[in-house]
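These are the residues of each chain, in order.
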Amino acid sequence: MFQRIVVGYDDSPGARAALTMALDLAAVHRCALTVVAVEEFLPHYGPVVGEIEDERSIGEQTCRRWLNTAATAAEQRGIPVQAEIRAGQAARELATAAEDHDADLLILGRSGHSGIWGRFMGSTAEKAARHAGCSVLVAHEGVRPAEQR
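All of these numbers come straight from a predicted model, not from anything done at the bench. (Residues numbered from 1 in each chain as written. Predicted model: local features only at pLDDT ≥ 70, side-chain atom pairs only at ≥ 80, totals over all residues. Heavy atoms only, no water.)

1. A word on the environment of Gly109
On the secondary structure map, Gly109 appears in strand E4 (residues 105-109). Along the chain, Gly109 and Gly14 lie 95 residues apart, while their C-alpha atoms are 4.0 Å from each other. Filtering out sequence-adjacent residues up to four positions away, Gly109 remains in contact with Gly14, Ala15, Ala18, Ala125, Val138 and Ala139. (Helix = DSSP H or I, 4+ residues; strand = E, 2+ residues; numbered from the N terminus. Contact = heavy atoms within 4.5 Å.)

2. Comments concerning the pattern of salt bridges
For the structure shown, the criterion picks out 8 salt bridges. Among the salt bridges present, the one from Asp11 reaches Arg16, with a minimum N-O distance of 3.5 Å. Take Asp11: its relative accessible area is 28%, and that puts it in the partly exposed class. Residue Arg16 is classed as partly exposed on the basis of its relative accessible area, which comes to 39%. Connected via shared salt-bridge partners are Glu84, Arg86, Glu93 and Asp100. (Salt bridge = Lys/Arg side-chain N within 4 Å of Asp/Glu carboxyl O. Buried < 20%, exposed > 50% of the residue type's maximum accessible area, 1.4 Å probe, protein only.)

3. Some thoughts on unusual backbone geometry
Of note in the backbone geometry, Asp11 takes a positive phi value of approximately 65° without being a glycine. If you trace the backbone, Asp11 turns up in the loop between strand E1 (4-8) and helix H1 (13-29). Despite not being glycine, Asp102 shows a phi value in the positive range, around 50°. Within the element layout of this structure, Asp102 appears in the loop between helix H3 (90-100) and E4. What makes Asp102 exposed here is its relative accessible area of 51%.

4. Thoughts on H3
The complete set of buried residues in H3 reads Ala90, Ala91, Glu93, Leu94, Ala95, Ala97 and Ala98. Those residues of H3 that are buried are in contact with E1, strand E2 (32-39), strand E3 (82-87), E4 and helix H5 (124-131). N-cap assignment for H3: the residue whose side-chain oxygen lies 3.2 Å from the backbone N of Ala91 is Gln89. With its phi angle positive at about 50°, Asp102 sits one or two positions after the end of H3. (Polar contact = N/O pair within 3.5 Å; in protein donor to acceptor, adjacent residues only side chain to side chain.)

5. As for the packing of H3 against H5
Packing of H3 against H5 leaves a shortest axis separation of 8 Å and a crossing angle of 40°. In terms of axis orientation, H3 runs oblique to H5. The handedness of the crossing between H3 and H5 is right-handed. On H5, the residues touching Ala90, Ala91, Leu94 and Ala95 of H3 are Thr124, Lys127, Ala128 and His131. For the contact of H3 with H5, the residue count by class is 5 nonpolar, 2 polar and 1 charged. (Axes fitted to C-alpha atoms, helices over the stretch in contact; angles between N-to-C directions. Parallel < 35°, antiparallel > 145°, perpendicular 65-115°, else oblique. Left-handed = near helix turned anticlockwise from the far one by under 90°. Nonpolar A, V, L, I, M, F, W, Y, C, P; charged D, E, K, R; others polar.)

See the structure below:
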């Protein structure tokens with residue numbers, strides 16, 4: 001059913017649930033799996049060039065740590081993954097990653113934002129789903145791996 005899956009990962013509880021689902025589906029369908037971390041660098045003030053570079057470096061290190069966590073989880077289950085970091089607005093970058101990889105499915109975690117914030121701004125998952133050219137699965141926290149069910 002699925003040949004290519006893209007999963008957004010930021011090491012949040014929702015992202016961990018999304019990764020669990022992606023790994024389960026990749027194991028069943030023997031499909032290609034790409035894990036994407038998005039570095040959202042949005043300066044809140046007019047920083048100097050050095051401060052911008054410092055923030056980017058910290059953001060990239062954080063994304064690499066997230067991707068290492070995801071790759072380790074996949075490796076433990078014997079599932080090969082491709083990992084990549086993208087920079088920009090998360091919903092847009094995740095939808096674009098799904099398109100770039102010709103994904104059949106984009107899997108995202110549900111954010112933990114408050115109801116008011118989510119209604120006002122919309123969630124990353126909701127925005128990505130509106131723009132993705134493939135099916136989108138939104139995972140909720142508390143999903144257990146198939147082998148623990």
